[in-house]
Amino acid sequence: MAWEDRYEMVCGVETHVELATKTKIFCGCSTEFGGEQNTHVCPVCLGMPGVLPVLNREVVHLAIKAGLALNCEIAAFSKFDRKNYYYPDLPKNYQTSQYDLPICGKGWVTIETEGGTKEIGITRAHMEEDAGKLVHSGETIMSSDESYVDYNRTGVPLLEIVSEPDMRSIPEVLAYLEQLVQILQYTEVSDCRLEQGSVRFDVNLSLRRQGAAGFGIRTETKNLNSFSSVRRCLEYETERQAQVLDDGGQVRQETRTWDEGKGITLALRTKEEAHDYRYFPEPDLVPLVIERAWVDKIRSTLPELPAQRLSRYRELGLSDYDAGVLVAAKPLADFFDRALAHFPQAKVLVNWVTGDFLRLLNANQHSIADSRISPEQFAELMGLIDQGVISGKIGKNVLEEMYLTGKDPSLIVKEKNLAQISDEGTLLGIVEEVLAANPRSVEDFRAGKEKAIGFLVGQVMKATKGQGNPGLVNRLLREKMT
Amino acid sequence: MKISRPDVEHVAMLARLELTEPEIEMFTEQLNSILEYAALLEQLNTDGVSPTAHVLPLHNVLREDVTQPSLEQERALMNAPDAENGFFRVPRIV
Ligand SMILES: [Zn+2]
C-alpha cells in the first residue's frame, strides 16, 4: 500500500543559487568556473589575518532583483553576520552570511501542477559566501585519510532562498524548483547551471497522518544538485519515514546526506551536525540601507517573467505544451519572440521553432547560442513558405542549409533555384506530358478512383524536382482530365 | 549567567581546542569574570535606544564588480602547513 493513503508529505526547500557576478562577494577574485585549483584566491578570500572584506554592489543588486521577482519584501535595513563552524572548506572558520536581517523577506512563487495553480510561500532570501571545494582522497567522506582543498569557490556569492513548508507532493516540489530556476534565469540573477553545481537544494521533509493539522518530525537532506536527485531523494525519504511511522517508531530530527550511487539517504553523525553556529554581527562589514529609489529602479528593469510569458503565449493561441517548451528555455523563447516580430503567425512559427529547428539543434548538440540562423532569417523563411515562394517541404531543406551556412533563405532559394513553379504555362506542359505517359491512371481517375490523382501529382512533382506548386498542379490535372 | 565547566568543554570542542584539566578550570574562572564585567552594561537604561548593528556611523560601503588580480597558486600556498599538487592538504575530516 502506498504511503500516500496514510500520510501527507510536508516539504520545504532551501535553495542556494550562485549569483551571476564577475567577482566574488567580498574581493575582486574571479568567479569563473573551472580555473586551476587555488588560482582565483587572494588574502581576503583565503581569510588571511588583517584583511577586510568589501561588499560587491552587484551582489546586492541581484539579490534585490531576485527578491522582487519572487514577490519578496525588500528590507530597508540589512546586515551581515558570522556563522561560525570549523570545516576545512572554510578558511576563516566562519561563513559570512545573514542571520536576523536578511535582504529579502516574505514572498511567493506561483506553481502549476495537474492539481491546478498554487502559491508557494518564500520565507526569506539572504546573501552569503560559498565555501571551498574539498577533494577526498578516499572513495567517500568516511573512508578518506586526507582531504585536498581548492578555495576557488570560497567567497563566490550565493543567494539562499528559503521556502515555506508549503509543498504537499513530489510534483509540487519539482514544479516549485523549475519555476524558481526559470525566474532566476529570466531575471539573469543566475545562469543556474545545475551541472556546474551553481544551484544546490536542501530538502526538509516530514510526513503526517492524512487529515492531521500539526507537522511531523522532519529531516533535512542537504546538497542535492539536480531535479532528478531531489525527486529520487524524496521518493526514498518518504518511503523511509512512512516505514518508521508504520512500525510505530518516531522519525529522528536530523541532517541526512544523499548517496546518488546507492539512491538512499544516510544520517550524518550527530557530531557533524552540531548546530551551534554562534551567529554574531559581522564587525568587518557595515550595514546596508536600501533606499526605496534603488529598489524602484531595479523593479523597472525586471523583464517579462516566465508566468507572464506563458499566459501571453496562451493568448496567442499556442498549446499548453508548445508554450511550456518555449518558456522552459528562455533563449528559445527569446528567439521565438524576435522571429514573431517579423512573422506574426504564432502557431505556424511555433511548429517550426519547436519542431524542425529544435530537432536540428538537438541533433547537432547545439544550444541556440551556437545557431547560425538569426530570428530575422527564420522569419524570412516563414514568409517565403507563407507566400508560396517555396513549399513547406522545400522549406525544411532550406532550413537545413541555413543551419549549415548561415545564409539568408532567399539567397539559398535563388542559388539553388528552389523557388516553387507557380507559372501556369510552365506547369501545363509538364502536366500534359505526365498525363500522356500514364493513361492507366487517367482512366482510373475518370472511373472515380480519387486516389489516382495522388500518383499523378507525385509524378509532376518528381518532374519539377519538388518545385511545382502542389495546389496548382492538382487543379491543372483535374481540369485536364474532366 | 554563569559559565559552567560543561560550557567551557562545549565551546572548546566547537573551536577544536583540546584543554587540560587545569586549563578548563582556569578558563571557566576567566570567562566568568569577563562576563561579570560585561554585565555592568546591563545597569544602563537602554529604553528607546535602537539595537546597534555596527559601531561605525557608516552604511553601504560597496565596491564595483570589477576583477582584480588574484594570487599566483604558489604564493597562495606559501604559508600552508601542507600542500600537494596545487591543493591545500588537510587531515581527514571528522
Ligand atoms: Zn579573493
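The present account deals with the structure reproduced in this document. Because the structure is a prediction, the values reported are computed rather than measured. Residue positions are given per chain, counted from 1 along the sequence in the order it is written. Chain labels run from A onward and ligand labels from 1 onward, assigned in the order the entries are written. Owing to the predicted nature of the model, reporting of local features is limited to residues with pLDDT of at least 70; listing and counting of side-chain atom pairs is limited to 80 or more, with chain, interface and lining totals taken over all residues. Side-chain metrics rest on all non-hydrogen atoms present in the structure, leaving aside hydrogens and water.

### Structural notes on the interface of chain A and chain B
Stage number 1. Residues are treated as being in contact if the distance between any of their heavy atoms lies within 4.5 Å. Counting from both sides, the interface comprises 57 residues of chain A and, opposite them, 34 residues of chain B.
Stage number 2. Defined here as a combined quantity, buried area equals the accessible surface (1.4 Å probe) lost by two parts on assembly, summed across both. Between chain A and chain B, roughly 4000 Å² of surface is buried when both sides are summed, and carbon and sulfur atoms account for 59% of that area.
Stage number 3. When the buried surface of chain A facing chain B is broken down by residue, Tyr 86, Tyr 148 and Val 286 of chain A rank first, second and third, together holding 15% of it.
Stage number 4. By salt bridge we mean one thing: a side-chain nitrogen of Lys or Arg within 4 Å of a carboxyl oxygen of Asp or Glu. Here chain A and chain B share two salt bridges between them.
Stage number 5. One salt bridge connects Glu 64 of chain B with Arg 57 of chain A, and the closest N-O pair in it is separated by 2.8 Å.
Stage number 6. Identification of polar contacts relies on pairs of N or O atoms within 3.5 Å, with a donor-acceptor requirement for protein atoms, meaning one able to donate a hydrogen and the other able to accept it, and with residues adjacent in sequence counted only if both atoms are side-chain atoms. Our count for the chain A to chain B interface comes out at 22 residue pairs in polar contact (both at pLDDT 80 or more).
Stage number 7. Every helix listed is a DSSP run of H or I at least four residues long, and every strand listed is a run of E at least two residues long, numbered separately from the N terminus. When residues of the side of chain A that touches chain B are traced back to their parent elements, those giving at least two are strand E2 (55–56), helix H1 (57–69), strand E8 (133–136), strand E9 (146–150) and strand E16 (288–289) of chain A.
Stage number 8. Of the residues forming the side of chain A that touches chain B, the biggest block, five residues, is contributed by E9 of chain A.
Stage number 9. A class-by-class count of the residues in the side of chain A that touches chain B yields 30 nonpolar, 13 polar and 14 charged. Residues are grouped as follows: Ala, Val, Leu, Ile, Met, Phe, Trp, Tyr, Cys and Pro are nonpolar; Asp, Glu, Lys and Arg are charged; all remaining types, including Gly, are polar.

### Considering helix H14 (residues 452–463) of chain A
All names here are of chain A.
Stage number 1. Helix length check: H14, at twelve residues, gives a terminal C-alpha distance of 17 Å against a target of 16 Å (1.5 Å per residue), a fit within 8%.
Stage number 2. For each residue, the accessible area found with a 1.4 Å probe, counting protein chains only, is set against the maximum for its type, and the residue is called buried under 20%, exposed over 50%, and partly exposed in between. Of the residues making up H14, those classed as buried are Ala 452, Ile 453, Leu 456, Val 457, Val 460 and Met 461.
Stage number 3. Contact partners of the buried residues in H14: helix H12 (424–437), helix H13 (439–446) and helix H15 (470–481).
Stage number 4. Of the residues one or two after H14, Lys 465 is the one with positive phi, at around 55°. Multiplying one less than the number of residues by 1.5 Å gives the expected span of a helix.

### A closer look at the pattern of salt bridges
All names here are of chain A.
Stage number 1. In the structure shown here, the tally under the stated rule is 45 salt bridges over all chains.
Stage number 2. With a shortest N-O distance of 2.8 Å, Asp 334 and Arg 309 are connected by a salt bridge. Pair noted here: Asp 334 is in helix H7 (residues 330–342) and Arg 309 is in helix H5 (residues 306–315), with a separation of 25 residues, a long-range link.
Stage number 3. Relative accessible area serves as the criterion here: at 26%, Asp 334 is assigned to the partly exposed category.
Stage number 4. In this structure, a network of salt bridges that share partners links the residues Glu 304, Arg 309, Arg 312, Lys 330, Asp 334 and Asp 337.

### Focus: the sheet that holds strand E14 (residues 264–267) of chain A
All names here are of chain A.
Stage number 1. Spatial ordering of the open sheet is given by E6-E7-E10-E1-E11-E12-E13-E14, a layout of eight strands whose pairing is mixed. Each end of this open sheet is capped by a strand with a single partner; those strands are strand E6 (107–113) and E14. Between one strand axis and the next, the sheet turns through 30° on average, direction left out of account.
Stage number 2. As defined by bridge partners, strand E12 (residues 219–224) adjoins strand E13 (residues 254–259) across four bridges and the pair is classed as parallel. Bridge pairing links Thr 221 to Arg 256 in E13.
Stage number 3. Inter-axis angles, ranging from 0 to 180 degrees, are taken between N-to-C directions of lines fitted to C-alpha atoms, where helices are fitted over the stretch in contact. In the packing of helix H2 (residues 170–186) onto the sheet, contacts are made with strand E1 (7–18), E6, strand E7 (116–129), strand E10 (157–163) and strand E11 (199–209), and the angle to E6 comes to roughly 120°. When DSSP finds at least two bridges between two strands, those strands are taken to pair.

Shape is all these values report; function is a separate question.
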